[in-house]
Amino acid sequence: MERLLLNAAIGITGYADLTVIGPRGCREHLPRGVTVHEVPAGLGPFLAAASWQIIRLSARHAWAAAVGGSGLIAPLLLLSRVLGRCPTMVLLHGLDVVTDNRLYRAIFLPCIRRVDCVVANSANTRELAQARGVLPGRIAVVNPGTSLPPQPAQNELADFRNRHGIAFTHYLVFVGRLTRRKGLSRFLRHGLPQILRAVPDCGLVVVGQNPAQSLNRLGEEAEVFSAIEEESWKTGCAFWETFQTTT
């Protein structure tokens, strides 16, 4: 999500002035020329501080459009539309329309339904949004793209494996934030032991950490380490040491 928003910001700066209201620390990742107002992370503090910034800035500027990075920002978009008299757009990623929380369903989903344009990251997310009352005519699907990095040289690969203790003949790679919905702890308990029994020289490399800057704190790093330490799949210490080093 963060990379998607970064690339959106870079794209917007190509044809418009951009003002970003984001969590503390976001400034260092944004391109030059972007006006940044950093506010505290955490859903409650973020919404309160960002609302004040919208009120303050709307008194000084006329906005061409207001864009929200997830369904959690939908209430702020409606505030922007009232104060800034501008169209609104929200990016939906899936979890932000299916979160099983009574308060979220009562407050955030109605706001999502009222945003002028909803950009879903997949056809599945579009269906989830429609099932929760978003009008089909307001939804557009834009699949996130990516750019592949250049293929590293063999000596660079060997150096990386040596530095991080990746001594496996075969290995799996998990890349992502350690959130419960990604299922890493369940994979460690129920999937990896079966793989190791079939392919003993296989290992798992994890690249990621708890989502410290996420508004929706769903990290499971402690659960992941608990799964690693369980007696049921202590087949050696190589994986444990590699996991510690890599993450």
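Quantities reported herein were computed from a predicted structural model and do not represent experimental measurements.

Calculation criteria
Residues numbered from 1 in each chain as written. Predicted model: local features only at pLDDT ≥ 70, side-chain atom pairs only at ≥ 80, totals over all residues. Heavy atoms only, no water. Helix = DSSP H or I, 4+ residues; strand = E, 2+ residues; numbered from the N terminus. Buried < 20%, exposed > 50% of the residue type's maximum accessible area, 1.4 Å probe, protein only. Contact = heavy atoms within 4.5 Å. Areas by Shrake-Rupley, 256 points an atom, 1.4 Å probe, with all protein chains shown as cover. Pairing = 2+ DSSP bridges. Axes fitted to C-alpha atoms, helices over the stretch in contact; angles between N-to-C directions. 1 Å grid on protein atoms, 1.4 Å probe; cavity = no way out; pocket = protein on both sides within 12 Å on 5 of 7 lines; lining within 4 Å. Points joined across faces, edges and corners; volume = space filled by probe spheres on them. pLDDT = per-residue confidence, 0-100. Parallel < 35°, antiparallel > 145°, perpendicular 65-115°, else oblique. Left-handed = near helix turned anticlockwise from the far one by under 90°. Nonpolar A, V, L, I, M, F, W, Y, C, P; charged D, E, K, R; others polar. Polar contact = N/O pair within 3.5 Å; in protein donor to acceptor, adjacent residues only side chain to side chain. Salt bridge = Lys/Arg side-chain N within 4 Å of Asp/Glu carboxyl O.

Once that is clear, we can look at the overall build of the protein chain. When helices and strands are tallied, the protein chain shows 11 helices and eight strands. Counting over 247 residues, the protein chain shows a buried share of 36%. Residue pairs at least 24 apart in sequence account for 55% of intrachain contacts in the protein chain once pairs closer than 6 positions are excluded. Carbon together with sulfur atoms contributes 55% to the accessible area of the protein chain, which is approximately 14,600 Å² in total.

Now for the sheet that holds strand S4 (residues 88-92). In a beta sheet, neighbouring strands pair by backbone hydrogen bonds and run either parallel or antiparallel. Pairing is parallel across the open sheet formed by four strands, whose spatial order is S3-S4-S5-S6. With partners counted over all chains shown, the strands left at the sheet margins are strand S3 (66-68) and strand S6 (139-141), one partner each. Pairwise comparison of adjacent strand axes, ignoring direction, gives a mean angle of 20° for this sheet. Pairing geometry for S3 and S4, over three bridges, is parallel. Looking across to S4, one finds that Ala 66 is bridged to Thr 88. Sheet contacts for helix H6 (residues 123-131): S4, strand S5 (117-120) and S6; angle to S6, the most-contacted strand, approximately 165°.

To locate leftover empty space, one rolls a probe as large as a water molecule over the atoms. A volume near 270 Å³ is recorded for the second largest pocket. Around the second largest pocket, the lining residues are Met 1, Arg 3, Leu 4, Asn 7, His 93, Asn 121, Pro 144, Gly 145, Thr 146 and Ser 147.

Turning next to the confidence of the model for the protein chain. Residues at a pLDDT of 70 or more form 89% of the protein chain, whose mean pLDDT is 85. Looking over the protein chain, one finds the lowest element-wise mean pLDDT in helix H11 (residues 238-246), namely 43, and the highest in S4, namely 97. Segment residues 235-247: pLDDT under 50, and 31 contacts once partners within four positions in sequence are set aside and those in other chains are kept.

We now examine the packing of helix H3 (residues 74-84) against helix H5 (residues 102-114). For any two helices packed against each other, one specifies the crossing angle of their axes together with the interaxial distance. Contact geometry of H3 with H5 gives a least axis separation of 8 Å together with a crossing angle of 50°. Relative to H5, the element H3 is oriented oblique. For the pair H3 and H5, the sense of crossing is left-handed. Together, Ala 74, Pro 75, Leu 78 and Arg 81 of H3 and Phe 108, Cys 111, Ile 112 and Arg 114 of H5 make up the contact between the two elements. Residue composition of the contact of H3 with H5, grouped by class: six nonpolar, no polar and two charged.

To continue, consider the environment of Arg 56. Tracing the sequence through the fold places Arg 56 in helix H2 (residues 43-58). Sequence separation between Arg 56 and Leu 83 is 27 residues; the distance between their C-alpha atoms is 9.9 Å. Within polar-contact distance, the side chain of Arg 56 engages the side chain of Gln 53 at 2.7 Å.

Taken as a whole and assessed by the stated rule, the structure comprises three salt bridges. Among the salt bridges present, the one from Arg 27 reaches Glu 38, with a minimum N-O distance of 3.9 Å. In this pair, Arg 27 is assigned in the loop between strand S1 (19-23) and strand S2 (35-39) and Glu 38 in strand S2, connecting sequence segments 11 residues apart. As a salt-bridge pair, Arg 163 and Asp 159 come within 2.9 Å of each other at their nearest N and O atoms. In this pair, Arg 163 and Asp 159 both sit in helix H7 (residues 154-163), four residues apart, roughly one turn of the helix. Judged by relative accessible area, Asp 159 falls into the partly exposed class, the value being 39%.

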